[in-house]
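What the coordinates show
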Amino acid sequence: MTQTIAPRVRILVLLFLAVTGALLAGAAPASAHAALTGSDPRQGTVVGKAPAQVSLTFSEPVAVSDDALRVLDPKGERVDKGDPANASGTTYTVQLLGGLPDGTYTVTYQVVSADSHPVAGAFTFSVGAPSETSVEASAQTSDDGLVGSLYGTGRYLSYAGFVVMVGGAAFVLACWPRGSGVRAVQRLVVSGWLTLTAATLALLLLRGSYTSSGKVGDIFDLTLLSEVLQTKTGAALVSRLLLLAAAALFIAVLFGAAQYQRDDEEKRDLSLGLAIGGTVVAAGLAASWAMSEHASQGLQPGLAMPVDIVHLLAVAAWLGGLAALLVALYRAPADTAVDTAAVQRFSRLAFGSVVALVVTGIYQSWRQLGSWSAFTDTRYGQLLLVKIVLVVIMVGIAYASRRWTARLAEPGAAVTLRKKQKETVAAVPAAGGEAGQGGAGTAGTGKTKAGTKKAGTKKAAAASTASADTDTDTDTDTDTEREKPAADTGPAQVRSEQSGAGAKAGGDSARATQLARQRAAVSAARQKRLRDADPNRFGLRRSVLAEACIAIVLLLITTVLTQTEPGRTEQEAERAASSSSAPSSPSSSPAQGTGAVTLNMPFDTGGKDGKGVVTIDLDPARVGGNDMHVYVERTDGKAFDVPELKVALTLSAKDIGPLPVVPDRVATGHLSASGVQIPVAGDWTVEVTVRTSDIDQVTVSKNAQIG
């Protein structure tokens, strides 16, 4: 049964790796963790005079390079001068050339947020009047291409290597000390170390190109590498490499100690030293992430970073220990099989890890989301919901694993299994005992008859066949020939016969050793088959395998979460952008946010919850097709979903209209319509009909110069 299971297991694991790799390759680009919340001039505005500088305000501090902020004229030529400067707080400015002509200008920015993620975008403003421009104002981030994909893969592999290395070592040290001598477990932990080291080196090389040009040719640019080393992320990666050197020494001592015999006191002292040293190194490695990512910025960073370290260590102890247990159940030799006590110890370790994950996860969720609506309204919240569901499923499977472990721990099951193993071990020497006796007779006193020797040879051949041995006895000398007196022969013949007898005895001894090895191999194979045939152990292996498969996907979701803008930041940026697009005075103004013309109209339908403000953004507000965005808010500034909203455009001077517009809902309190046609320029009246209940409705209007 186990011969057919092992290939299926390998195929299943490879299939899961392929699926998760495809998900990682097809994942959306990493969202920025800092957002543009304001600018001067504002996006889409038309100013009468060319400004002396352009300023951009972000939701958190960012790192700017010499080319981080650029301003391009309608022909695509740069009109900024000097390096960007940090004017104050989170506002950054770049100076412009003097005497700029009228037209539409494009501002592009590419910065790095404080939590190490690149942020890119673009917007336009006009001087005098809008004009045609050859510049495409699109947010082209460096993580959209090959370099971004490689960087995301490197992050995933670094997390996976950390989990396997730390969790595997913790499993050996805390749950199964005998596992330090198992080659399969050793290979697992060492492969985790190699993966983390290689991924860290790759991230260090990719970092410069990832945060700037995104070009493959810049990966080995030493200038970019030197700049990366001066950043917080570069320092964290270098620190991680230094800690990995200490981790290599820890692994060498952990597995090298299995080769030496020590008394109990020495073993306790060594285990204590390894536990303390390993915890320090593992915490340092976890801190290399906490110091440079989400936990280092935002709300309560002094508390968030230690919590993040505990969270990472708990993930490693649970998922990495699970990987080590899976390898032990499938690959450990029969004479050093993982015992029930080790599985029970890991069960307790996993339970403690899950408790730590729940406590730290609740705090991190509150810190990164800030509101219940962020669970469903932001990508970070949606991914977090998927992660929570996967953790719940894993806990359910872990409960099943605990039941299988409890059955293994039952005294009756253990006694029955040991009894069967003893019977098997006793049966194997019995099958080959006659062959051993025959061999002994051949190398013994030399007084047996030829017939006896032939019978022994046949029995030895039968035992060799049962043990998959292909050696046969080709010696044709008889005992009678070896018993001839030395006096009947010359000295040369005597020496020749003595030499032949010595060679014969040596050959018989080698054959006996080989047969002993074969009997031991057969015994070990039969014990392994008997062990794997135990239904309780088989059920435990299946449940652990299911946990490991889900853990692969869970680790992928965790990696994507670290590259996604937190829900709290996303909502704060949206509120800031909304407030910047909604001036306090209820008059029309040029483009306060996303539109070239913005109209704010208070309304009151007279019913319950009937008061609010509707804001119309029309972009580019000229003849032809336009994009319209409608925002509805309550008097306290919160987004407001109304049952019905209609817009109509009228140009009374030329008796045009009303032209109806029915926008579609985008989000809470946000509607939009594209392709809104303005046939001619003029002073248009924009009417908005708002219905807040079945009977409460009102129409408000405002004029705006369009075209």
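Residues numbered from 1 in each chain as written. Predicted model: local features only at pLDDT ≥ 70, side-chain atom pairs only at ≥ 80, totals over all residues. Heavy atoms only, no water.

**Details of empty space enclosed by the protein**
- What the rule picks out here adds up to 3 cavities of 30 Å³ or more.
- Quantified by volume, the largest cavity comes out at close to 110 Å³.
- Arg-155, Leu-237, Arg-240, Trp-289 and Glu-293 are, among the 13 residues lining the largest cavity, the residues nearest its centre.
- Contributions of two or more residues to the lining of the largest cavity are made by helix 2 (146-175), helix 5 (232-256) and helix 6 (264-290).
- Residue classes in the lining of the largest cavity are distributed as 5 nonpolar, 5 polar and 3 charged. (1 Å grid on protein atoms, 1.4 Å probe; cavity = no way out; pocket = protein on both sides within 12 Å on 5 of 7 lines; lining within 4 Å. Points joined across faces, edges and corners; volume = space filled by probe spheres on them. Helix = DSSP H or I, 4+ residues; strand = E, 2+ residues; numbered from the N terminus. Nonpolar A, V, L, I, M, F, W, Y, C, P; charged D, E, K, R; others polar.)

**Remarks on the sheet that holds strand 18 (residues 682-691)**
- Strand order in the open sheet formed by 4 strands is 15-14-18-19, and the pairing between neighbours is antiparallel. This sheet does not close on itself; its edge strands, each paired only once, are strand 15 (656-661) and strand 19 (697-706). Sheet twist, expressed as the mean angle between neighbouring strand axes with direction ignored, is 20°.
- Here strand 18 pairs with strand 19 via 10 bridges, running antiparallel. Bridge pairing in strand 19 links Gly-682 to Ile-706. (Pairing = 2+ DSSP bridges. Axes fitted to C-alpha atoms, helices over the stretch in contact; angles between N-to-C directions.)

**Some thoughts on the pattern of salt bridges**
- Tallied over the entire structure, the rule returns 4 salt bridges.
- Residues Arg-78 and Asp-80 are paired through a salt bridge, measuring 2.6 Å at the closest nitrogen-oxygen approach.
- One salt bridge connects Arg-691 with Asp-694, and the closest N-O pair in it is separated by 3.9 Å.
- Taking relative accessible area as the criterion, Asp-694 reaches 75% and is therefore assigned exposed.
- Linked by salt bridges that have partners in common, Glu-644, Arg-691 and Asp-694 make up one network. (Salt bridge = Lys/Arg side-chain N within 4 Å of Asp/Glu carboxyl O. Buried < 20%, exposed > 50% of the residue type's maximum accessible area, 1.4 Å probe, protein only.)

**Some details on the pairing of strand 9 (residues 118-127)**
- Strand 9 sits mainly inside the fold: 8 of its 10 residues count as buried.
- Across 10 bridges, the pairing between strand 8 (residues 103-113) and strand 9 is antiparallel. Paired with Val-111 across the two strands is Val-119, which belongs to strand 9.

**A closer look at the packing of helix 2 against helix 5**
- As a packed pair, helix 2 and helix 5 sit with axes 12 Å apart at the nearest point and diverge in direction by 30°. If you check the angle between helix 2 and helix 5, you find them roughly parallel. Here helix 2 and helix 5 pass one another in a crossing that is left-handed. Across the interface between the two elements, Tyr-151, Ser-158, Met-165, Ala-169, Val-172 and Leu-173 of helix 2 pack against Thr-233, Arg-240, Leu-244, Ala-247, Phe-250, Ile-251, Leu-254 and Phe-255 of helix 5.
- Here the residues of the contact of helix 2 with helix 5 sort into 11 nonpolar, 2 polar and 1 charged. (Parallel < 35°, antiparallel > 145°, perpendicular 65-115°, else oblique. Left-handed = near helix turned anticlockwise from the far one by under 90°. Contact = heavy atoms within 4.5 Å.)

**A short note on the nonpolar core**
- In this structure, Phe-162, Met-165, Trp-176, Leu-319, Leu-325, Val-338 and Met-394 are the most contacted members of the largest nonpolar core, which totals 78 residues.
- Looking at this core element by element, the count peaks at 15 residues for helix 7 (residues 301-331).
- Grouped together as the second largest cluster of nonpolar side chains are 29 residues, Leu-599, Met-601, Val-614 and Val-700 included. (Core = buried A, V, L, I, M, F, W, Y, C linked by side-chain atoms within 4.5 Å.)

**Re the sheet that holds strand 6 (residues 80-88)**
- Spatially, the 4 strands line up as an open sheet ordered 1-3-7-6, and their pairing is antiparallel. Each edge of the open sheet carries a strand with a single partner, namely strand 1 (36-40) and strand 6. Each neighbouring strand pair of the sheet contributes to a mean axis angle of 20°, computed without reference to strand direction.
- As paired strands, strand 1 and strand 3 (residues 53-58) are joined by 4 bridges and run antiparallel to one another.

**Here we look at the environment of Thr-559**
- The topology assignment puts Thr-559 in helix 15 (residues 535-562).
- When its relative accessible area of 0% is taken as the criterion, Thr-559 is described as buried.
- Excluding residues within four positions of it along the chain, Thr-559 makes contact with Gly-152, Arg-155, Tyr-156 and Tyr-159.

**Some words on helix 7**
- Between its first and last C-alpha, helix 7 extends 43 Å over 31 residues, near the 45 Å set by a 1.5 Å rise per residue.
- Most of helix 7 sits out of view: 22 of its 31 residues are buried. (Expected span 1.5 Å × (residues − 1).)

**What about the packing of helix 7 against helix 8 (residues 340-369)?**
- Two elements in contact, helix 7 and helix 8, have axes separated by 8 Å at closest approach and are oriented at 145°. When the axes of helix 7 and helix 8 are compared, the crossing they make is left-handed.

**Thoughts on a nonpolar patch on the surface**
- Nonpolar side chains collect at one region of the surface, where Leu-146, Leu-150 and Val-216 lie side by side and expose about 250 Å² of accessible area between them.
- By the secondary structure assignment, Leu-150 is in helix 2. (Patch = residues over 30% accessible without salt bridge, like charges linked within 9 Å, V, L, I, M, F, W, Y side chains within 5 Å. Areas by Shrake-Rupley, 256 points an atom, 1.4 Å probe, with all protein chains shown as cover.)

**Details of the side chain of Thr-211**
- Tracing the sequence through the fold places Thr-211 in the loop between helix 3 (183-210) and helix 4 (222-229).
- With a relative accessible area of 17%, Thr-211 lands in the buried category.
- A distance of 3.0 Å separates a polar atom in the side chain of Thr-211 from the backbone oxygen of Arg-207. (Polar contact = N/O pair within 3.5 Å; in protein donor to acceptor, adjacent residues only side chain to side chain.)

**Observations concerning unusual backbone geometry**
- For the bond running from Asp-40 to Pro-41, omega is 0°, close enough to zero to count as cis.
- Counting through the fold element by element, Pro-41 comes out in the loop between strand 1 and strand 2 (46-47).
- With an omega dihedral of 5°, the bond running from Asp-619 to Pro-620 counts as a cis peptide bond.
- Considering the arrangement of structural elements, one finds Pro-620 in the loop between strand 12 (611-619) and strand 13 (624-633).

**So, the environment of Ala-342**
- Within the fold, Ala-342 resides in helix 8.
- The class of Ala-342 is buried, set by a relative accessible area of 0%.
- In this structure, the C-alpha to C-alpha distance between Ala-342 and Ala-174, residues 168 residues apart in sequence, is 8.7 Å.
- In contact with Ala-342, other than residues within four places in its own chain, are Cys-175 and Trp-176.

As far as function goes, none of this settles anything; it's purely spatial.
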